[in-house]
Amino acid sequence: MASEIAAGNRSVMKAVNPKEEARLFNKHYQQMAGDLFNRTATDVCMSALCRPRHRMQTTELGTELRARLVKEARAAHLQRKCGELLNSEELKTIWHLLVAHRTLPDSADGERFINYLDYLKVCKAAGPKCSKLLSPSLFFKLLQADPLGRVSTDHLYEFISRKTWLLQTRVCLSLYDFSGDGSLSESDLENYVTNLIPTLYQLRKLDKLFYSYYVCTAVRKFVFFLDPLRTGRVRIFDILTSSFLDDFAELQVETSSPSKTNWFSAYKTLRLYGSFLALDKDANGLLSKTELAGYGAGSLTDAFLDRLFQTCVTLNGEMDYQAYLDFCLAMECRSAPQSLSYFFRILDIDSCGAITAWSVNYFYRGLQRRLRSHGVEPPRLPDLMDEIFDMARPADPCRIGLEDLINSGQGATIVSILIDASEFWRHESRSATAPDTVGDGPAEPDEEELEL
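Residues numbered from 1 in each chain as written. Predicted model: local features only at pLDDT ≥ 70, side-chain atom pairs only at ≥ 80, totals over all residues. Heavy atoms only, no water.

Under an unreviewed UniProt entry, the name given to the protein is Serine/threonine-protein phosphatase 2A regulatory subunit B'' subunit gamma, and the organism recorded is Macrostomum lignano. Its UniProt record gives the protein the following Subcellular location (unreviewed entry) comment, quoted word for word: "Cytoplasm". (UniProt positions renumbered as here; feature names shortened; annotations may be inferred.)

Here is the structure:
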């Protein structure tokens, strides 16, 4: 009997056409999970309440399959975009074509030029893959005051190389964008930086046990400057148009004298973490208010430290390494809008969106105590208040808003004299140096040009 049934099944299987089998599979699959998008929200909720529990597994399976389909589609899209980009050999070919078709004469210093007709010859010889880069509009964008209407081949090639590198980086960053919304979370950035470390020549001697601290230090700069509203996401376009990727590229250069000013260098990371450990007297991995008071020259006022620990995120009233990095970034780049916003939240005592006379009075008293402890008599409060409001030039003469602080060009000086006794004394002695800046270059490409 069993052999007869098996034989019957084999005969049925042989009789079924493969196309018919695929049609039946698609039909039954769509019946199980396909009509969800065509139903109203009310219908979906009512059916979910009425049907037995075990039938909900069908919808969950469909959702999982759709999510997997989206993921695979994004991966295929990025792979296709990556294939459309120029590789190093194709860039070399473009350079040789530009040199071969250059328009004579060269300049006295040997610089080569090319006119529009010869440029079109290069576009034709370069092939269809280069057509998006070698457009007519690019030629006229780079056209300068050459009397013969020519463009420098060096400038042209530099632009093509730069844009190709940005597009390659755009694709690489998109691989970590699991949400697909064009932005990265802090954990996504940590994964990106971790995978980037082996490609950076100047980090080759960095101990692997220190990788986690390096990644934390590097990512904090992205978050501090590119996510000032603390949304938890950093736009990929903002990363591409900042100078941070150039700083990473600098670390790929083989040199015997590594950079000491680059935030992403091993030297800078070790110095920052070393300063944190030096301040952490009780070695509990956190900084108390008393411990942070030793930062720098030890001249921060107690009024500022009180407000700092009130406004920043702390663990049981103490500051962790991430919060310390935010503090260091704000202190080192005081004139940056993001740093001024950081300090503004501290100086705005009443949370009224402005620095008022009461705020200045509060921080003046901390400054007064610090100066008198060193035998220095502070200036009169009315004189200091007049000086601060004169520097800020606020729209409302009684209130200094964040916009006033940024637009005045004196925001770093105002912050320094209110929170740091040493900086105040330098200002009063008129020997203060120019404030540091964040070093973000202007956005070169448009956002549409970097879209995938």
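Text resumes after the structure shown.
Caption draft 1: Just the overall build of the protein, in detail. Within the protein, the secondary structure is distributed over 22 helices and four strands. Going through the 452 residues of the protein one by one, you find that 40% of them count as buried. Partitioning the contacts of the protein with sequence separation of at least 6, the portion at a separation of at least 24 is 65%. As displayed, the protein has an accessible area near 25500 Å², and 56% of this comes from carbon and sulfur atoms. (Helix = DSSP H or I, 4+ residues; strand = E, 2+ residues; numbered from the N terminus. Buried < 20%, exposed > 50% of the residue type's maximum accessible area, 1.4 Å probe, protein only. Contact = heavy atoms within 4.5 Å. Areas by Shrake-Rupley, 256 points an atom, 1.4 Å probe, with all protein chains shown as cover.)

Caption draft 2: Representation of the packing of helix H17 (residues 337–347) against helix H21 (residues 411–419) within the structure. The N-to-C vectors of H17 and H21 enclose an angle of 40°; their axes lie 11 Å apart at closest approach. As judged from the angle between their axes, H17 and H21 are oblique. Crossing angle aside, the handedness with which H17 passes H21 is left-handed. Of the residues in H21, those in contact with Leu340, Phe343 and Leu347 of H17 are Gly411, Ala412, Val415, Leu418 and Ile419. The residue makeup of the contact of H17 with H21, split by class, is seven nonpolar, one polar and no charged. (Axes fitted to C-alpha atoms, helices over the stretch in contact; angles between N-to-C directions. Parallel < 35°, antiparallel > 145°, perpendicular 65-115°, else oblique. Left-handed = near helix turned anticlockwise from the far one by under 90°. Nonpolar A, V, L, I, M, F, W, Y, C, P; charged D, E, K, R; others polar.)

Caption draft 3: Structural detail: helix H6 (residues 116–126). Taken together, the buried positions of H6 are Asp118, Tyr119, Val122 and Cys123. One side of H6 carries all its buried residues, which in axial view fall inside an arc of 150°. Away from its buried face by more than 90 degrees, H6 exposes Leu117 and Lys124. Of the surrounding secondary structure, the elements contacted by the buried residues of H6 are helix H5 (88–100), strand S1 (113–114), helix H7 (136–142) and helix H8 (153–174). Sitting at the head of H6, Asn115 places a side-chain oxygen 3.3 Å from the backbone nitrogen of Leu117. Backbone geometry just downstream of H6 places Gly127 in the positive-phi region, at approximately 95°. (Arc of directions from axis to C-beta. Polar contact = N/O pair within 3.5 Å; in protein donor to acceptor, adjacent residues only side chain to side chain.)

Caption draft 4: Spatial organisation of the pattern of salt bridges. Going through the model one piece at a time under the given rule, you end up with 18 salt bridges. The residue Lys92 makes a salt bridge to Glu89 at a minimum N-O spacing of 4.0 Å. Within this pair, Lys92 and its partner Glu89 are both found in helix H5, separated by three residues, close to a single helical turn. Under the relative-accessibility criterion, Lys92 is labelled partly exposed at 47%. Close ionic contact of Arg220 with Asp326 constitutes a salt bridge, the shortest N to O distance being 2.9 Å. Taken together, the residues span a long stretch of sequence, with Arg220 in helix H10 (residues 211–226) and Asp326 in helix H16 (residues 321–332) at a distance of 106 residues. Of the two residues, Arg220 and Asp326, neither departs from the other in class, the shared state being buried. (Salt bridge = Lys/Arg side-chain N within 4 Å of Asp/Glu carboxyl O.)

Caption draft 5: Main features of the packing of aromatic side chains. Within the structure shown, the criterion is met by 27 aromatic pairs. Aromatic side chains Tyr116 and Phe140 sit 5.3 Å apart centroid to centroid with 35° between the ring planes, which places their arrangement in the tilted category. One end of the pair, Tyr116, is in helix H6; the other, Phe140, is in helix H7, with 24 residues separating them in the sequence. The class for Tyr116 is partly exposed, based on a relative accessible area of 26%. A relative accessible area of 49% means that Phe140 is categorised as partly exposed. Where Phe225 meets Phe244, the ring centres are 6.3 Å apart and the plane angle is 55°; that geometry is what we call tilted. Pair noted here: Phe225 is in helix H10 and Phe244 is in helix H12 (residues 244–250), with a separation of 19 residues, a long-range link. Classification of Phe244 by relative accessible area gives buried; the value is 0%. (Phe/Tyr/Trp six-rings, centres within 6.5 Å; stacked < 30°, edge-to-face > 60°.)

Caption draft 6: Local environment of the packing of helix H19 (residues 381–392) against H21. Two elements in contact, H19 and H21, have axes whose closest approach is 10 Å; the angle formed by their N-to-C orientations is 160°. For the element pair H19 / H21, the angle class is roughly antiparallel. Viewed along their axes, H19 and H21 form a crossing whose handedness is left-handed. Counted together, Leu384, Ile388, Met391 and Ala392 of H19 and Thr413, Ile414, Ile417 and Leu418 of H21 form the full contact between these two elements. A class-by-class count of the residues in the contact of H19 with H21 yields seven nonpolar, one polar and no charged.

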